[in-house]
Amino acid sequence: FKKEDQTFDTAGVNTYAIILGQAQVVKSVSESWSMKGSKRQAEGDQGYSYSKTTTKYDFNELGQLTGATGTTAGRQTSEVLTSVYNSVTKKWELEKNADGTYKKEDQTFDTAGVNSYAIILGQAQVVKSVSESWSMKDGVRQKAGEHGYNYSKTTTNYRFNSAGQLTSATGVTEGRQTSEVL
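A short tour of the structure in this document, coming up. (Residues numbered from 1 in each chain as written. Predicted model: local features only at pLDDT ≥ 70, side-chain atom pairs only at ≥ 80, totals over all residues. Heavy atoms only, no water.)

**Observations regarding the overall build of the protein chain**
A count of helical and extended segments in the protein chain gives 0 helices and 12 strands. Sequence-ordered secondary structure for the protein chain, helices as α and strands as β, is β-β-β-β-β-β-β-β-β-β-β-β. Taken over the C-alpha trace, the protein chain has a radius of gyration of 22 Å; the compact-globule value for 182 residues is 16 Å, which it surpasses by more than 25%. If you line up the protein chain on its principal axes, its C-alpha atoms span 75 × 40 × 30 Å. Looking at the protein chain alone, contacts between residues at least 24 apart form 46% of all its contacts between residues at least 6 apart. Element-wise, carbon and sulfur atoms account for 47% of the exposed surface of the protein chain, whose accessible area totals about 12500 Å². Positive and negative charge centroids in the protein chain, built from 21 and 20 side chains respectively, lie 2 Å apart. (Helix = DSSP H or I, 4+ residues; strand = E, 2+ residues; numbered from the N terminus. Rg over C-alpha atoms; globule rule 2.2 N^0.38 Å. Contact = heavy atoms within 4.5 Å. Areas by Shrake-Rupley, 256 points an atom, 1.4 Å probe, with all protein chains shown as cover. Lys, Arg positive; Asp, Glu negative; His and termini not counted. Charge placed at Lys NZ, Arg CZ, Asp CG, Glu CD.)

**A closer look at the pattern of salt bridges**
Oppositely charged side chains are able to pair whenever their charged atoms sit close together. Tallied over the full model, the rule gives 5 salt bridges. A salt bridge links Arg 75 to Glu 43; the shortest N-O distance between them is 2.5 Å. Here Glu 43 lies in the loop between β3 (39-40) and β4 (49-59) and Arg 75 lies in strand β5 (residues 65-81), a separation of 32 residues in the sequence. On the basis of relative accessible area, Glu 43 is assigned to the exposed category, the value being 51%. One salt bridge in this structure joins Asp 110 and Arg 141, with 3.2 Å as the shortest N-O distance. Of this pair, Asp 110 sits in strand β8 (residues 104-120) while Arg 141 is found in strand β10 (residues 140-141), placing the two residues 31 residues apart along the sequence. If you follow the salt bridges from partner to partner, you end up with Glu 43, Arg 75, Asp 110 and Arg 141 in one network. (Salt bridge = Lys/Arg side-chain N within 4 Å of Asp/Glu carboxyl O. Buried < 20%, exposed > 50% of the residue type's maximum accessible area, 1.4 Å probe, protein only.)

**Some thoughts on the environment of Ile 119**
Examined against the element boundaries, Ile 119 turns out to sit in strand β8. Using a relative accessible area of 29% as the deciding quantity, one classes Ile 119 as partly exposed. Not counting chain neighbours up to four residues away, the residues in contact with Ile 119 comprise Leu 65, Thr 66, Gly 67 and Ala 124.

**Some thoughts on the pairing of strand β6 (residues 83-86)**
The pairing of β6 with strand β7 (residues 91-94) spans 4 bridges and is antiparallel. The residue of β7 that forms the bridge with Asn 86 is Lys 91. (Pairing = 2+ DSSP bridges.)

**Observations concerning the environment of Tyr 50**
Positionally, Tyr 50 belongs in strand β4. Setting aside residues no more than four positions away along its own chain, Tyr 50 makes contact with Glu 31, Ser 32, Trp 33, Ala 73, Gly 74 and Arg 75. In this structure the side chain of Tyr 50 is engaged in a polar contact, spanning 2.4 Å, whose partner is the side chain of Glu 31. (Polar contact = N/O pair within 3.5 Å; in protein donor to acceptor, adjacent residues only side chain to side chain.)

**Quick look at the packing of aromatic side chains**
Scanning the model with the defined rule gives 3 aromatic pairs in all. An angle of 65° between the planes, with centres 5.5 Å apart, marks the rings of Tyr 85 and Trp 92 as edge-to-face. A residue is classified by how much of its surface remains accessible, and Tyr 85, at 38% relative accessible area, is partly exposed. Judged by its relative accessible area of 23%, Trp 92 is partly exposed. Taken together, a centroid distance of 5.8 Å and an interplanar angle of 45° make the contact between Trp 134 and Tyr 151 tilted. You can see Trp 134 sitting in strand β9 (residues 123-137) and its partner Tyr 151 sitting in strand β11 (residues 150-160), a full 17 residues away along the chain. If you follow Arg 40 out to its NZ or CZ, it ends over the ring of Trp 33, 3.5 Å from the centre. Cation over ring: Arg 141 sits above Trp 134, and NZ or CZ is 3.5 Å from the ring centre. (Phe/Tyr/Trp six-rings, centres within 6.5 Å; stacked < 30°, edge-to-face > 60°. Lys NZ or Arg CZ within 6 Å of the ring centre and 35° of its normal.)

Written out as structure tokens, the structure is:
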């Protein structure tokens, strides 16, 4: 296996509203792209990674922060070994090239996340974060039971005390994967 550095290009845009004479961020969007040389990688390229995070903030007529919502979406491509179904042995086997090396292909994952916020001492704090990941085939999320299917969901809950300090965090991950083992 070969180790190499990965570079990312990032950009962000904040949208402001003037509330009671103060500039307040009401929407924040940040994006990140993996780079190959001096250019952003194209979707589907091995090592491709893209994510976009959007956070919206709500204020009342007194200029107080009253709520926030956040979402994340992305896509990532990695190189994996391929397999082929052997109808004689009735098993999946790692596929080989003519020279005997294992055949590889790109595998793409779609990701999505939602952050739920609470306003604690005037600050928006994430109290629940849910992120999901789906394997893709031919540009479409794979269905459960399909060979190569992979799905995961992680939920993290955060608790704060009355002084606004984080006191605990709990998380659970669940998922499902379909693969043939040799």
